[in-house]
2 protein chains.
Amino acid sequence: MVFRSHMKRALEEARAAADRGEVPIGAVIVSPEGRVVAAAGNRTRELNDPTAHAEILALREACAAAGSERLPGHDIYVTLEPCAMCAAAMAAARIRRIYYGAADPKSGGVAHGARVFTHPQAHHVPEVYDGISGEESAALLKTFFASRRGNGDES
Amino acid sequence: MVFRSHMKRALEEARAAADRGEVPIGAVIVSPEGRVVAAAGNRTRELNDPTAHAEILALREACAAAGSERLPGHDIYVTLEPCAMCAAAMAAARIRRIYYGAADPKSGGVAHGARVFTHPQAHHVPEVYDGISGEESAALLKTFFASRRGNGDES
């Protein structure tokens, strides 16, 4: 199943983010032809940029490569339910499908909180597939936060 | 009134954006000491970046200058009601107050649509002040879109 292999790549990005001391979330964008055109992990701390979520970095990379602010027919794979910022950015970029791993009741903006795609105002609503390798993604996050709490650094 | 002068600066950024062929929206971020630490207008077309809204560019600039992904005590002035992406980014950056101009029933995410700050999930809720120089902001947008329709370019 091809979507498993793309999510596997997103999980690799999440692990690399953890190794950099960032919250372990990764994202991959796939073109209509099935080619990976962008892959990124969180870099908010490294870049001092609250918008440097994996999804935003991947969207910016894919748009730069496409020479367009829109990515019709492109799919995004992300290890955690996107927050409202990232979900709205995906709509702006006209992403076709969102595949995500673990649910995020605390900060997710797709199935929780702002539920960005469920308002009559939403101009573009991607198809959403959740729970793809969700347990692996959740385990990465759990380990990361447990180790940080161990260091007294709870943020 | 100092907030009028900051909004005036944001309107200048919006006008400069229109001159570049971008949707005329501008944003300014002010430090707790009252200093303008970032100012930006939309650059989504120029940068081929759907996330390059005035607010996001200003947040990234201010965070880079501060060397931090958070801007406690900072206020943002923006000519149009922020969309869900920008509103969520402001929350992530811990912006203290949001002053905005015109309401945006079509794409706004503060008083419309996703209403990003009104969910129990919202960890950080800035104070929001709307309608600051709203008519001037709305007039800029109206003129811009009317001229584009005249060119047959309605986007």
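The structure presented is a predicted model; accordingly, all values stated were derived computationally and were not measured.

Topic: the interface of chain A and chain B
Item 1. Counting residues at the interface gives 31 residues for chain A and 31 residues for chain B.
Item 2. Summed over both partners, the interface of chain A with chain B comes to about 2400 Å²; 59% of that surface belongs to carbon and sulfur atoms.
Item 3. Among the residues chain A hides against chain B, the three largest losses belong to Pro50(A), Glu69(A) and Gln121(A). Together they make up 25% of the total.
Item 4. Between Arg60(B) and Asp49(A) there is a salt bridge, with its nearest N and O atoms 3.0 Å apart.
Item 5. Counting across the interface, chain A meets chain B through 16 residue pairs in polar contact (both at pLDDT 80 or more).
Item 6. Counting only elements with at least two residues in the side of chain A that touches chain B, the list comes to α2 (44-47), α3 (54-66) and α4 (84-92) of chain A.
Item 7. At five residues, α4(A) tops the list of elements feeding residues into the side of chain A that touches chain B.
Item 8. Residues belonging to the side of chain A that touches chain B are distributed by class as follows: 13 nonpolar, 12 polar and six charged.

Some details on unusual backbone geometry
Residues and elements named next belong to chain A.
Item 1. Its identity is not glycine, yet Arg 94 carries a phi of approximately 65 degrees, on the positive side.
Item 2. Locating Arg 94 in the fold gives a position in the loop between α4 and β4 (97-102).
Item 3. Positive phi, normally seen in glycine, also occurs at Arg 115, with a value near 40 degrees.
Item 4. Owing to a relative accessible area of 37%, Arg 115 belongs among the partly exposed residues under this scheme.

Side note on the confidence of the model for chain A
Item 1. The share of residues in chain A with pLDDT of 70 or more is 97%, and the mean pLDDT across the chain is 94.
Item 2. What the predictor reports for the complex is a pTM of 0.95 with an ipTM of 0.94.

How each quantity is defined
- Residues numbered from 1 in each chain as written.
- Chains lettered and ligands numbered in written order.
- Predicted model: local features only at pLDDT ≥ 70, side-chain atom pairs only at ≥ 80, totals over all residues.
- Heavy atoms only, no water.
- Contact = heavy atoms within 4.5 Å.
- Buried area = accessible area lost by both parts, 1.4 Å probe.
- Salt bridge = Lys/Arg side-chain N within 4 Å of Asp/Glu carboxyl O.
- Polar contact = N/O pair within 3.5 Å; in protein donor to acceptor, adjacent residues only side chain to side chain.
- Helix = DSSP H or I, 4+ residues; strand = E, 2+ residues; numbered from the N terminus.
- Nonpolar A, V, L, I, M, F, W, Y, C, P; charged D, E, K, R; others polar.
- Buried < 20%, exposed > 50% of the residue type's maximum accessible area, 1.4 Å probe, protein only.
- pLDDT = per-residue confidence, 0-100.

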